[in-house]
Amino acid sequence: MSIARASIDKALITWLLMLTCLLGGVWGFATIGRLEDPAFTLKNAIIITQYPGASAEQVAREVSEPIESEIQKMGEIDFITSSNKPGVSRVSVNIDMTYDGDELPAIWNKLRNRVADAQRNLPPEAGTPIVNDTFGDVFGVFYAVTAPGFTDAEVHEISEYLRRELLAVEGVADVAVAGLPSEAVYVDARTSIITNLGIGPQAIAGALSNTDSRTQAGSVTRNGQDVRIQAPEGSDTVDEIANLTIGIGGEVIDLLDLATVTRSRVDEPTEIIRFQGQDAFTLGVAGKADLNIVEVGKRVDARLDEILHDVPAGVELHPIYQQHVVVDEASNAFLWNLAMSVAIVVIVLALFMGWRASIVVGATLLLTVVGTVFLMAIFGIEMERISLGALIIAMGMLVDNAIVVAEGMQGDMARGKSAGDAAQDVASKTQVPLLGATVIGIMAFAGIGLSPDATGEFLFSLFAVIGISLLLSWVLAITATPLLAHYLFKVGTQGEGNLYGGPLFRAYRATLSAALTLRHLVILGLIGVTATCYIGFGQVKQQFFPDSNTPLFYVHYKLPQGASINQVSDDMAALEDWLGARDDVASVTTFIGGGATRFMLTYAPEEALPTYGHLIIRTDRLDQIPPLRAELEAFGRATLTSGEFRTERLAFGPGGGAPIAVRFSGPDPVVLRDLAEQAETALIGASDQLQDLRTDWRERELVIVPRFADERAKAAGVGRDDLAQALQLGTDGMQVGYYREADRLIPIIVRAGDARVQGGTHLSDLPVYSDAAGAYLPVAQIVDGFEWEAQNTFLVRRDRVPTITVQAGVPAGVNAATVFTQIRPTVEAIALPEGYKMEWGGEYENSTDAQASLGKQLPLSLIIMVLISVLLFGTIRQPVIIWLLVPMSVNGVALGLLGTGLPFSFTALLGLLSLSGMLIKNGIVLVEEIDLVRAEGVPFRQAVLDASTSRLRPVVLAAATTILGMIPLLSDAFFASMAVTIMGGLGFASILTLIAAPVFYYSFFPKARKEDAAARKAARA
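Residues numbered from 1 in each chain as written. Predicted model: local features only at pLDDT ≥ 70, side-chain atom pairs only at ≥ 80, totals over all residues. Heavy atoms only, no water.

Enquirer: Talk me through the overall build of the chain; I want residue IDs and the actual numbers.
Expert: From N to C terminus, the chain includes 34 helices and 30 strands. With the principal axes as the frame, the chain shows a C-alpha extent of 135 × 75 × 60 Å. In the chain, buried positions account for 54% of the 1021 residues. Within the chain, contacts between residues at least 6 apart in sequence are counted, and of these 81% link residues at least 24 apart. (Helix = DSSP H or I, 4+ residues; strand = E, 2+ residues; numbered from the N terminus. Buried < 20%, exposed > 50% of the residue type's maximum accessible area, 1.4 Å probe, protein only. Contact = heavy atoms within 4.5 Å.)

Following this line, the structure appears as C-alpha cells:
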C-alpha cells in the first residue's frame, strides 16, 4: 500500500500528524528563542599588555613580538594583528574559521598557556598580559543613564546599585558599565618648598602609598583559639590624607605645608560619554545564550521599573538600543509578511484551481510552516531574520509539492477515480521525483549552511530551516494533502479529453508544438538571450550585505595623533548642538575616547584612542537617515576641518570595516608610509567616488626627546629613571597609591602644580632629585637639551610584519564593488620594493573570503545533486536536459535587478540558489512526466505535448504563488534584492521549464523523434 493511500485509509494517524504539527507549532511559537540576527561566534581574542614609558616601536619590538611569536605556534590561528601605542600593546588573535564555537574554550585555554610562556621573555617593566576572550559578548539591552546634579561618588554608587540588581534578573549573563567619571586625589606639590628642604619624591610617595594599604598584622593564641589581629585603619578621607606627616632627617613635616590636596575629576579621562549632550554612563545587559532575548529584555525592563522607585529623583535611563524590542517588532512584522504570503498563495490557488484546491494546498502549507517552527524549537534553532527568511525562500518549493499532488488528484478524481485510487496513482508517479527534487533543493543551500566561516555560521539557520521545511512539505504533501483532498474534492465523470481543453491549455499546446517544430531556432534564441543577459548581469551592482533597516547610523571623528580628548569633546559638542536642533533626530549618544559597548553582534567597537569621537544617532524612521546623513556630512566636513569626519550606515551580517582597503606589508615603516602615500594618490586619480582617505597608522606625532648627558648625570648621581620621574612629576604627575572608597580605588597622584600646561618650555628648569647628593638639581645640568621628533605612535603589525592599511569610503548610495573595479588596476600597478607585498582588504576581502569558503563546499553539493538526478532517471540524457536549464536561470535575475537598480548582494545569491532548486525541481517532475507518458505507449511528440500540458497549471501556479508571495519582502532592506532575484528569475524560469525543457527533451532523442515522424507519415499515407 502506498503512503498516500494509507494516509486516507488510516486517517487517524494522518490526523495525529497534522495535529502534532499544528499544536507543536503553537508551542514552538510560544517557547522558541528569538534573536534579531543569527548568532555567529566572533573567533577573536584580545591581549592587552602595559609597558609604561616605552615608545610604540619599543612596544612592538619588545612586547608584541614575543607574544605574537609564541601565539603563532598554535595551529588554530588564522592571522594575528597588533596595534602598538606608547606604553600599550594590543594583540588581536583571529582563530581559523574551520573551528566552531564549541571548540573555542579549549583554544582559549591553549592561548593563555602560550601567553604565559611568552611572558617570561617580556621586559621586567612590562605588566602581565591580560587575555580577553569575551570580546564578542553582545550587550543588546543598552541604556544611557544620566544623573545631573549628583556628585561623581554618587554616580558610582548609582551605577553599582543598578548593575547589582540587574545581574540578579533571571536570564541575565552580564552587565557592563562604561563611561563612569574618573576621579583622582591630586597632591599638588609646592616645588620651591620641597626643593629647598631637599625632600625627595620617594619620601612623599612612600608616605602617600601607605595611607590605606591592606597588610597582615598577625595573630595570637588565646584559650586555645587563634585570634587575628586587625591592621590599623588608614586614612579613609581626603582630609586625613592632607593631614599626613612626613619624616625627613629626624623632623616631622606636615603634608599641607608642602602641597595642596584635592579630589577632582582627572584632567584627561580615558572615556567620556554623553546622551543628548548631558554627561552619562552606559549600562549594557547581555542575556544568556540560547534564551529568548525578548523575554529576558522584558524581565530587565520590569526590574528597572521596580528599582527606579528606589533610585534618587533626577536619575533617568534612556534606551540607546533595545534588542528585545527590535526583535519583537521584527519578528511580528516578518510573521505578518509570512501570513500575507500564505494568504496570497491561497487566493491565487482559489482563482485558478478553485476554492477546494486552495483550502487543501493552503492547509498543507500552513501545517508545513507551523510544523517547521515546532521542529525549530526542538532543535534549538532561534527565530531570527535568517530563519524566518528561509521560510519565504522555500515558499515556492513548499507550495509546489502540495500543488503537484493536489492537481494530480483533482484531475484523476474529475475523471471518476476514487480518492484512494487517485492518491495512489499520483503518489506512485510523483512521490519519488518530488523527494529527489526536494533533496536537490536542500543541497543547493548546503554549501552556504555548511561553510565553516562566519558567513556560513551566520547563515546556517537558512540551510537548517530550508532542509526541515522542504522535507516536512514532502511528508505532508503525500499524507495530509491526499486526506484533505479526499474530504474536499468531488468525484466526477468528465472525459479525459476535457481536462486540458481550456483556452490557456490550447494556446500553450500550440505554442509548444511550434517550438518543437522550430527547435533549432528556439535553442539558438535561448542561447542568444542567455548570452545577452550574462553581459547585462555584469552591469549589475555588487554588494556583500545590505544596510540594516534599524534607524541608526554612526559618526566617526578623529583628530590627529597627540590631540587632547578634551578637544575631541569640544568638537563633538558642536555636532550635538547641531543635531539637537533638528526634529528628525530622536536621540544622540556621544562616545569620546573609544567606541560603545558591543550592543549588536554586527557592531565592531573602535579601538580606544583619546583622539576618537563617535556618535550613535537614532531617527524615528529609516527614510529620515539619507537626507539627515547628507546634511550632517556637509556640516561636519565644513565645520570640523582639523579632523577626519565620516558617517557610516549600520549593515547586516558579518563583515565591517572600510568599504575600500589595501594593505602594504614590509620591514621598514618609512617605505610603508611612502607606499601608502602612493596608494592614496593612485586612488584619488582613479575615481572621484572615494572619500575619507586615511591610513590606520594615523599621523606621526611630535615627541619631546631629552638628550641625556651620561657623564654629567653619573657625576651628579642621577639616573635615567630619576630624570623620567622628575619629568613626570613636572607634567602629568606620578601615581603613588590609592584612596579607597567602598569598592573603588581612586588613584593618588603627586604633581608639580599646573606645569603641564606650559607647553614644555619649563622642562629644563624642573628639579631632579639626586639620592647621592640628597638634593635637587635642575634638569638642564643632566641633559644636553630637548629635541622635537615626529614619531610613529600607532604601529600596526599583521602576522608579525609591520602593515599599513590605506582605507577609503564611498558616498552614500554609491556601490563599493563598482568603485573597487575602477581603482583596482591603478593600485595594483604600484611598484613594490623587494620584501614588500600588497593585499586587498575591505568589502572585497570579506566577500571574496565568503565566496571562497562557499566555493569549497559547492562542488560536493553539486556532485550530490547531479548524482540524485542521475539516480532518479537511471540515464544520463534526462539529467543533462534538466541541468542545461540552470545556467539560464540568471536571465530573469539580471533583468529584475537591472530593472529595479538593486545590487546583487549575498542575500540575492541565496535567492539564486533557491531559484536553481525550484528550476531543477520543476524540470525533474516535467521530464519524469514525459517519460511516464511515453511508457504508456503514447507517440513521442504527443507524449511531450501531453506531459508538458499536464504540468502547465502546477508550474504556473507554483511560480505565480511564489512571485506574489515575495511582494511583502520588497519593503525589507535585507531581503529586497533576494525577492527581486526570485521574482524575476522564477518568471523567466517558468518559460524555461515549459518551453526550453520540452524542446531540449525533443532534441535529445533523435531516434524516437525519427520513428515518431515516420509513424505519423505512414498514418497520413
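Enquirer: Would you mind going over unusual backbone geometry in detail, with residue names and values included?
Expert: Unlike most non-glycine residues, Q276 shows phi in positive territory, near 55°. For Q276, a relative accessible area of 47% translates into the label partly exposed. Positive phi values are uncommon outside glycine, yet R698 reaches one of about 60°. One can find R698 in the loop between β21 (691–695) and β22 (701–708).

Enquirer: Report on the sheet that holds strand β7 (residues 183–189), specifying residues and quantitative values.
Expert: Strand pairing in a sheet takes place through backbone hydrogen bonds and is either antiparallel or parallel in direction. Strand order in the open sheet formed by four strands is β12-β7-β24-β23, and the pairing between neighbours is mixed. Two strands lie at the open edges of the sheet, namely β12 (259–265) and β23 (734–741), each paired on one side alone. Across the sheet, the mean angle from the axis of one strand to that of its neighbour is 25°, orientation sign disregarded. Two elements, β23 and strand β24 (residues 744–751), share seven bridges in a ladder whose sense is antiparallel. Bridge pairing in β24 links R740 to L745. Those strands touched by helix α5 (residues 152–167) are β7, β12, β23 and β24, and its axis lies near 150° from that of β24. (Pairing = 2+ DSSP bridges. Axes fitted to C-alpha atoms, helices over the stretch in contact; angles between N-to-C directions.)

Enquirer: Any chance you could break down the packing of helix α28 (residues 877–885) against helix α30 (residues 906–935) for me, citing the residues and the numbers?
Expert: Following both chains from N to C, one finds α28 and α30 inclined at 145°, their axes separated by 9 Å at the closest point. Relative to α30, α28 is oriented so that their crossing is right-handed. On the side of α28, the interface is formed by Q878, I881, I882, W883 and L885, while α30 contributes L919, I920, G923, I924, V927 and D931. A breakdown of the residues in the contact of α28 with α30 according to their chemical character gives eight nonpolar, two polar and one charged. (Left-handed = near helix turned anticlockwise from the far one by under 90°. Nonpolar A, V, L, I, M, F, W, Y, C, P; charged D, E, K, R; others polar.)

Enquirer: Hey, could you go over the environment of L952 for me, with residue numbers and the actual values?
Expert: Relative to the assigned elements, L952 resides in helix α32 (residues 952–965). In sequence terms L952 and R509 are 443 residues apart; their C-alpha atoms lie 9.5 Å from each other. Among residues more than four places away in sequence, those in contact with L952 are L504, F505, Y508 and L994.

Enquirer: Can you tell me about the nonpolar core, naming the residues and giving the values?
Expert: Grouped together as the largest cluster of nonpolar side chains are 148 residues, with contacts concentrated most on M409 and F445. Ranked by the residues each element gives to this core, the list is headed by helix α33 (residues 976–1004), at 17 residues. When residues no more than four places from it in sequence are discounted, the contact partners of M409 are A419, A422, A423, V426, P482, A485 and F489. Core analysis: the second largest hydrophobic core is formed by 29 residues, F664, W697, A808 and Y836 among them. (Core = buried A, V, L, I, M, F, W, Y, C linked by side-chain atoms within 4.5 Å.)

Enquirer: Before we move on, can you summarise helix α12 (residues 385–393) with the specific residues and values?
Expert: The buried fraction of α12 is high, at nine of nine residues. Within the sequence span of α12, burial applies to R385, I386, S387, L388, G389, A390, L391, I392 and I393.

Enquirer: Describe the pattern of salt bridges, and please don't skip the residues or the numbers.
Expert: One pass over the structure, following the stated rule, counts 43 salt bridges. For D584, the salt bridge goes to R582, with nearest N and O atoms at 2.9 Å. Each of the salt bridges in this network shares a partner with another, and the network as a whole consists of K558, E606, E644, R646, R694, R698 and E699. (Salt bridge = Lys/Arg side-chain N within 4 Å of Asp/Glu carboxyl O.)

Enquirer: For helix α9 (residues 293–307), give the residues involved together with the corresponding values.
Expert: In this model α9 runs 21 Å from its N-terminal to its C-terminal C-alpha over 15 residues, within 8% of the 21 Å that 1.5 Å per residue would give. Listed as buried for α9 are I293, V294, V296, G297, V300, D301, L304 and I307. Mapping the buried residues of α9 onto a view down its axis gives an arc of 160°, with all of them on the same face. (Expected span 1.5 Å × (residues − 1). Arc of directions from axis to C-beta.)

Enquirer: Run through the packing of helix α3 (residues 56–71) against helix α4 (residues 104–119), naming residues and quoting values.
Expert: Close contact between α3 and α4 brings their axes to 9 Å; oriented N to C, the two are set at 135°. By the angle class used here, α3 and α4 are oblique. Between α3 and α4 lies a crossing of right-handed hand. For the pair formed by α3 and α4, the contact residues are P66, I67, E70 and I71 on the first element and L111, R114, V115, D117 and A118 on the second. Looking at the contact of α3 with α4, its residues break down into six nonpolar, no polar and three charged. (Parallel < 35°, antiparallel > 145°, perpendicular 65-115°, else oblique.)

Enquirer: Break down the pairing of strand β1 (residues 44–50) for me, with residues and values.
Expert: Within β1, five of the seven residues are buried, which leaves it mostly tucked inside the rest of the structure. Note that β1 and strand β3 (residues 88–95) share seven bridges and pair antiparallel. Directly across from I48, in β3, lies its bridge partner R90.

Enquirer: Which residues make up a nonpolar patch on the surface, and what values do they have?
Expert: There is a patch of nonpolar side chains on the surface, built from L518, L521, L524 and I527 and spanning about 420 Å² of accessible area. Relative to the helices and strands, L521 is located in helix α20 (residues 519–537). (Patch = residues over 30% accessible without salt bridge, like charges linked within 9 Å, V, L, I, M, F, W, Y side chains within 5 Å. Areas by Shrake-Rupley, 256 points an atom, 1.4 Å probe, with all protein chains shown as cover.)

Enquirer: Got a sec to walk through the side chain of T611? Specific residues and values, please.
Expert: By secondary structure assignment, the location of T611 is in the loop between β17 (587–592) and β18 (612–618). With relative accessibility at 2%, the residue T611 sits in the buried group. Each residue touching T611, except ones within four places of it in the same chain, is listed here: Y557, K558, L559, P560, Q561, G562, A563 and V568.

Enquirer: Pulling in residues and values, what's your account of the packing of aromatic side chains?
Expert: On inspection of all chains with the given rule, the structure shows 17 aromatic pairs. Measuring from centroid to centroid gives 4.8 Å for F599 and Y603, while their planes differ by 35°, and the two rings are tilted. Since its relative accessible area comes to 0%, F599 is described here as buried. On the basis of relative accessibility, which here comes to 4%, the residue Y603 falls in the buried class. Taken together, the ring pairs in this structure connect F142, Y321, Y554, F591, F599 and Y603 into an aromatic cluster. In this structure, R751 is placed above the aromatic ring of Y186, and the distance from its NZ or CZ to the ring centre is 3.7 Å. (Phe/Tyr/Trp six-rings, centres within 6.5 Å; stacked < 30°, edge-to-face > 60°. Lys NZ or Arg CZ within 6 Å of the ring centre and 35° of its normal.)

Enquirer: Which residues make up the environment of P1006, and what values go with them?
Expert: When you line up the elements, P1006 lands in helix α34 (residues 1006–1020). A relative accessible area of 33% places P1006 in the partly exposed class. Expressed as a C-alpha distance, the spacing of P1006 and A742, which sit 264 residues apart in the sequence, is 92 Å.

Enquirer: Requested: an account of the side chain of T430, with residues and values cited.
Expert: Topologically, T430 is positioned in helix α14 (residues 419–443). The class for T430 is buried, based on a relative accessible area of 11%. Contacts of T430, omitting those with residues within four sequence positions, involve V404 and V405.

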